[in-house]
Amino acid sequence: MDNEKLKKTTVNVPTLPSPALCIPGTIHNTEPDEQQDLSKHQGRTRSFPHERGIWASYVFIDYGDSDGWLEMQDECKTLLNDATTTLEFNPIDRMHLSLTKTFTIRHHNINPFVANLREQLAGRRRFRLEFSGVQVYVNEERTRTFLGVRVAEESYGALNALVTSLDECLREYKLPLYYTDRAFHVSILWCLGDREAEVRKELPALTAVFERVYEEEYCDISQQVKTLWFKCGNKSFHFDLI
């Protein structure tokens, strides 16, 4: 769980932008807070400064209400917090799979951008994703570490087709396109700082947890994707697939 380039590190660990972690379930129209209170954000910092009238945004698949994903998250959190007593791992508030980078858009462009998204996504069919294991990720600023669940490469076709359509919308507004080197995943846990080395040591045990829970909760974790979401500041829009 949504500043910009996703790439492999020298030890084959991807970096990624800090994801937006709080996804409202309903549409709100209030402007984001002017000031950032770190005590309210568990020590997290903005990847870019707040500017009135400019909204942080991204498109994603929501997994926040899945019991299977919550079980995966809880068991991995317990394992990591027991094994690495010096670290405090936190659950991603609303687990999701990002289909764009986190970008900024001006308030007056939101409605036409949403209309463009609806046009691009019209007629898109539902699909199912397979997952293939866990991986450690670090954001580009090296200020936060994440545990994520990887999408299996055989499921990249549907996601790549969506990203191509979304890139068309982004290009029209001169916004950053999605990564060329793609590593689709769902972040489930995070902690402050660059703690890549500590988390990598626990990957075998975390992989065992993934394999067991994935087998037990397969139908829930790999459920059909029926809806895409666009979060823009405190606004949320959904796009139903057919």
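Residues numbered from 1 in each chain as written. Predicted model: local features only at pLDDT ≥ 70, side-chain atom pairs only at ≥ 80, totals over all residues. Heavy atoms only, no water.

Q: Explain the UniProt feature "active site" (unreviewed entry) in the protein to me, please; I cannot follow it from the model alone.
A: The feature "active site" (unreviewed entry), as given by UniProt, occupies His96 and His185 in the numbering adopted here. In three dimensions, the annotated residues from a span of 90 residues occupy one location, with a maximal C-alpha spread of 8.4 Å. Of note, histidine 96 is situated in strand 5 (residues 96-98). The class for histidine 96 is buried, based on a relative accessible area of 2%. Looking at histidine 96, its side chain comes within polar contact range of the main-chain oxygen of arginine 94, at 2.9 Å. Here histidine 185 shows up in strand 10 (residues 185-192). (UniProt positions renumbered as here; feature names shortened; annotations may be inferred. Helix = DSSP H or I, 4+ residues; strand = E, 2+ residues; numbered from the N terminus. Buried < 20%, exposed > 50% of the residue type's maximum accessible area, 1.4 Å probe, protein only. Polar contact = N/O pair within 3.5 Å; in protein donor to acceptor, adjacent residues only side chain to side chain.)

Q: Looking at this model, I keep getting lost on the environment of leucine 97. Mind explaining?
A: In this fold, leucine 97 is placed in strand 5. Taking the C-alpha atoms as reference, leucine 97 lies 4.9 Å from valine 186; in sequence the two are 89 residues apart. Apart from the residues lying within four places of it in its own chain, the contact partners of leucine 97 are Val59, Phe60, Ile61, Tyr63, Leu129, Val151, Leu159, Phe184, His185 and Val186. (Contact = heavy atoms within 4.5 Å.)

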